[in-house]
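Each chain is listed here by its residues.
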Amino acid sequence: MFHVKRADRRWLMAPLAAAIVLITACGVSNDPDGWASPLTLDDADGADVIIIRTDREHIAALDISVRPLDEAAVRWEFPRENDGFPGLTEPVDAHGFYGTPALLGPDGEELILADYDEGTVYAVRTDGTSARIIFDVDGRVVASVIVDPDRTTAYITATDGCVYAVDTESPGTATWSFCDPESEVWGTPDLAQSRTYGGLLLVPGLNGRVSALQIEREGRLAWTFQTDAAIAGNVVVSEGRAYLGDFNSIFFALDVETGDVVWSALGADWFWTTALVADGTVYAADLSGMVWAWDVDSGRLVWDAPYDAGDPVRAQPALTDDGAVLVIVTRKAEFHAIVPATGLGIWTTKGTEDDRPDDVLADPLIRGDAILINDEDGRLFEARVNVDVVCPVFRAKEAASACSPPLAAAP
């Protein structure tokens, strides 16, 4: 059972209250919105397109080269206004997109995305011409769907603790599955390569367990790692290590070969972010707003002290294209720019009181000097490196927003 440290934890659990008996007993409603992050799409006709969640029921392809950025910029929306979509015979009853869409197919011609409430996984053509159902799970889907490097096999995790490997060229049935009924899955797994077992899928669970599943042996268990608290964040694999944090405020680096702890570090609060591994450093933030930087080999704190963002952070830390600035976005959409090597703050900015992002849980998308975020209501906002302004730039079915500076095109 989870230990809720503060009353303000209700914002964290509300979208998935039915998943945990403790939170349900507290009377928090199950009203999912979703936190799918923006995704850049390489459009065939050269348009500058991003995929965003526009509200709890819709995903859209937005051409950000269109000015002003209004409904004319929407290339397509899934599902359409009548809840239908070409290629599907039944209406789409979507409620909550949590996982960030992934590219599917040899040329990335489809997007794979999952509806939280119905547990239906779709593949949508990137040009918006059609969609198909890949798989239906018995539970609900919170984690992103993982696609293998050849973009044909999808790994789908569900809140019933099951993992399914699905050949997307022969959809509807799983080539193999693995179920741990004791563990719901919120965090997104990651793929790893092991000398002993070959390909592995590392699956985090709310029971504090990481299960390493052998891809070439129909999901047989290679090893497990067990911690004493829930793992709700994503697993990140880099150079033979798996990085993740738990709700006991402990961050771990695991050996993907054995599941053994290489090193661990104590944070100030629950870890729910996805770690960022870059240039020999692991960056992660916790729900007290502390941002940490550890050496990948030793777990030693790289900075003299953690950086205090002053507000819970779920969004993954991000580096600008030149690697000179580490960007942190808090739940209240306060943007913090940090020197990666020292942890010293460069600048901090936030939206105006009248038009500020509401609950930022999705990861930021960095394009040149522009930082794009999608809030819980599906609004798109932009900040700029070294510019003290956060601009609302798009809200579906509303008038175009004025923003200065304007939204940046791809570099």
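Rules behind the numbers
- Residues numbered from 1 in each chain as written.
- Predicted model: local features only at pLDDT ≥ 70, side-chain atom pairs only at ≥ 80, totals over all residues.
- Heavy atoms only, no water.
- Pairing = 2+ DSSP bridges.
- Helix = DSSP H or I, 4+ residues; strand = E, 2+ residues; numbered from the N terminus.
- Buried < 20%, exposed > 50% of the residue type's maximum accessible area, 1.4 Å probe, protein only.
- pLDDT = per-residue confidence, 0-100.
- Contact = heavy atoms within 4.5 Å.
- 1 Å grid on protein atoms, 1.4 Å probe; cavity = no way out; pocket = protein on both sides within 12 Å on 5 of 7 lines; lining within 4 Å.
- Points joined across faces, edges and corners; volume = space filled by probe spheres on them.
- Nonpolar A, V, L, I, M, F, W, Y, C, P; charged D, E, K, R; others polar.
- Disulfide = S-S within 2.5 Å.
- Phe/Tyr/Trp six-rings, centres within 6.5 Å; stacked < 30°, edge-to-face > 60°.

Another aspect to go through is the sheet that holds strand E10 (residues 153–157). Across the sheet, which stays open at both edges, the four strands sit in the order E9-E10-E11-E12 with antiparallel pairing between neighbours. Two strands in the sheet have a free side with no partner beyond their single neighbour: strand E9 (146–147) and strand E12 (176–179). With two bridges joining them, E9 and E10 adopt antiparallel strand pairing. When the sheet's bridge partners are listed, Ile146 is paired in E10 with Tyr155.

Let us now look at unusual backbone geometry. Residue Phe78 is joined to Pro79 through a cis peptide bond whose omega torsion reads -15°. Inspection of the secondary structure puts Pro79 in the loop between strand E4 (74–78) and strand E5 (102–104). With phi around 70°, Ser249 is a residue other than glycine that occupies positive phi space. Residue placement: Ser249 occurs in the loop between strand E18 (241–245) and strand E19 (250–255). One non-glycine residue, Asp279, adopts positive backbone phi at about 55°. Residue placement: Asp279 occurs in the loop between strand E21 (276–278) and strand E22 (281–285). Exposure remark for Asp279: the relative accessible area of 75% places this residue in the exposed category.

What follows covers the confidence of the model for the chain. Per-chain confidence: the chain averages 88 in pLDDT, with 87% of residues scoring 70 or above. In the model, residues 1–30 has pLDDT below 50 throughout and makes 65 contacts with residues more than four positions away in sequence or in other chains.

Let us look at the layout of surface pockets. Put simply, the largest pocket is a space of about 720 Å³. Per-class residue counts for the lining of the largest pocket are 21 nonpolar, eight polar and three charged.

Once that is clear, we can look at the state of the cysteines. Taken as a whole and judged by the stated rule, the model has one disulfide. Each sulfur of the disulfide joining Cys162 and Cys179 lies 2.0 Å from the other. One quick way to see it: the torsion about the S-S bond of Cys162 and Cys179 is about 110°, and its sign makes the bridge right-handed. Here Cys162 is found in strand E11 (residues 162–167), whereas its partner Cys179 is found in strand E12, with 17 residues between them in sequence.

Below, the discussion takes up the packing of aromatic side chains. This model, assessed by the stated rule, comprises 18 aromatic pairs. The interplanar angle of 75° and the centroid separation of 6.4 Å between the aromatic rings of Trp76 and Phe85 together place this pair among those described as edge-to-face. Ring centres of Phe225 and Phe252 lie 5.0 Å apart, and the angle between their planes is 65°; this geometry places the pair in the edge-to-face category. One end of the pair, Phe225, is in strand E16 (residues 220–226); the other, Phe252, is in strand E19, and 27 residues separate them in sequence. The burial state of Phe225 is the same as that of Phe252; both residues are buried.

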